[in-house]
Amino acid sequence: MPSPPRIRPPTAPLLMEVYRRLLDHFGPQHWWPGETPLEVMVGAILTQNTSWKNVERAIDNLRGAGLLTFDRLADLPTGLLAEYIRPAGYYNIKAGRLRNLLQYISDHHPPGDLDAFLGQDLPELRSQLLSVKGVGPETADSILLYAANLPIFVVDAYTHRILGRHGLIDEDADYHRIQELFMDHLDADAQLYNEYHALLVRIGNQYCKKTNPDCDNCPLQGV
């Protein structure tokens, strides 16, 4: 006699079970690793296609040169900016993308008023960020959540991998569908989204690796 089909628990309780397990195992992450909203924005651009360790080296270069202010970064020639951020990889491309973002803010919020830019409501700010050449959904949402403290869930490769391996999404689920999964079933709470995303990054780094995942010791075993 065939066994009865497995019934998936309701999505919201299941997502909160994942969150509680991760929080119990790792504790609060106090993320994003940036000291100011500007630094978070710079990091969101630089972390594209590289590790955070490399981003830290690039940001340390900027900090050491006294360049981590909006005006000084905006005045820095693109070629020189590229040299400072060289450790982050793809430095010419990223310098251009960072220049595009700084220029957009300067053009629309003179004289480059970062507080005014980040103080807009979520839909308008997200639309403006996505209009900047080189800023995609993950980068824009990282700035919204971590620099502007707005409630939007950031989706990255770790999120897709972890949820896919635990049967919470289809393998072909795109960014928008995964984001909706969280935002349709969890409270619109920036702190919750912040902590949840950071915890997914942590378990993706430590257990749910792309190759040779440590499933036996994973705190999500059985989910």
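Data block above holds the structure.
Summarised in this report is the structure supplied together with it. From a predicted model like this one, the values you see are computed outputs, not experimental measurements.

### What about the pattern of salt bridges?
Thinking step 1. Within this structure, the stated rule accounts for nine salt bridges.
Thinking step 2. The shortest N-O distance in the salt bridge between aspartate 141 and arginine 126 comes to 2.7 Å. Of this pair, aspartate 141 sits in helix H9 (residues 137-147) while arginine 126 is found in helix H8 (residues 122-130), placing the two residues 15 residues apart along the sequence. In terms of burial, aspartate 141 and arginine 126 fall into one category: buried.
Thinking step 3. Through salt bridges with shared partners, a single network forms among Glu35, Glu39, Asp60 and Arg63.

### Quick look at helix H10 (residues 157-165)
Thinking step 1. For H10, every residue scored as buried is listed here: Thr159, Arg161, Ile162, Leu163 and Gly164.
Thinking step 2. Among the structural elements, helix H11 (175-185) and helix H12 (190-206) are those in contact with the buried residues of H10.
Thinking step 3. Two residues or fewer past H10, glycine 167 is found with a positive phi of approximately 70°.

### Topic: the packing of H10 against H12
Thinking step 1. With their axes 9 Å apart at the nearest point, H10 and H12 run at an angle of 75° to one another. Considered as vectors, H10 and H12 are oriented roughly perpendicular to each other. Two secondary-structure elements touch here, H10 through Tyr158, Thr159, Arg161 and Ile162 and H12 through His197, Leu200, Val201, Ile203, Gly204 and Asn205.
Thinking step 2. In terms of residue class, the contact of H10 with H12 is made up of five nonpolar, four polar and one charged.

### Overview of the environment of tryptophan 31
Thinking step 1. Within the secondary structure, tryptophan 31 is located in the loop between helix H1 (11-26) and helix H2 (37-46).
Thinking step 2. Tryptophan 31 gets classed as partly exposed once you look at its relative accessible area, which sits at 25%.
Thinking step 3. Taking C-alpha positions, tryptophan 31 is 6.9 Å from asparagine 194, a pair spaced 163 residues apart along the chain.
Thinking step 4. In this view, tryptophan 31 contacts Tyr146, Asn194, His197, Ala198 and Val201; residues no more than four positions away in its chain are not counted.

### Let's talk about the packing of aromatic side chains
Thinking step 1. Using the criterion set out here, one finds eleven aromatic pairs in the structure.
Thinking step 2. Considering the side-chain rings of tyrosine 19 and tyrosine 196, the 5.2 Å spacing of their centres and the 40° angle between planes classify their relative orientation as tilted. In this pair, tyrosine 19 sits in helix H1 while tyrosine 196 sits in helix H12, placing the two residues 177 residues apart along the sequence.
Thinking step 3. Relative accessible area serves as the criterion here: at 12%, tyrosine 19 is assigned to the buried category.
Thinking step 4. Look at tyrosine 196 and you get buried, because its relative accessible area is 1%.
Thinking step 5. Joined through ring pairs, the aromatic side chains of Tyr19, Phe153, Phe182, Tyr193 and Tyr196 make up one cluster.

Criteria and cut-off values
Per-chain numbering applies: the sequence of each chain, read as written, is numbered from 1 onward. Given that this is a predicted model, residues contribute local features only at a pLDDT of at least 70 and side-chain atom pairs are listed and counted only at 80 or more, while totals for whole chains, interfaces and linings are drawn from all residues. Only heavy atoms go into the side-chain values, all of them from the structure, while hydrogens and water stay out. In the sections that follow, a salt bridge refers to a side-chain nitrogen of Lys or Arg positioned within 4 Å of a carboxyl oxygen of Asp or Glu. For the purposes of this entry, the term helix denotes a DSSP run of H or I that reaches at least four residues, the term strand denotes a run of E that reaches at least two, and both are numbered from the N terminus. Type-normalised accessible area, obtained with a 1.4 Å probe on protein chains alone, sets the label of each residue: buried when under 20%, exposed when over 50%, and partly exposed for intermediate values. Pairs of residues are marked as contacts when any of their non-hydrogen atoms sit within 4.5 Å. Helix axes are fitted to C-alpha atoms over the stretch in contact, other axes to C-alpha atoms as well, and angles between N-to-C directions run from 0 to 180 degrees. Comment on the angle field: the value is read as roughly parallel under 35 degrees, roughly antiparallel over 145, roughly perpendicular from 65 to 115, and oblique elsewhere. Three classes are used: nonpolar for Ala, Val, Leu, Ile, Met, Phe, Trp, Tyr, Cys and Pro, charged for Asp, Glu, Lys and Arg, and polar for all others, with Gly counted as polar. For this analysis, a ring pair means two rings from Phe, Tyr or Trp (six-membered ring only for Trp) whose centres lie within 6.5 Å, classed as stacked if their planes differ by under 30 degrees, edge-to-face if by over 60, and tilted for the remaining angles.

Interpretation in functional terms is not warranted from these geometric data alone.
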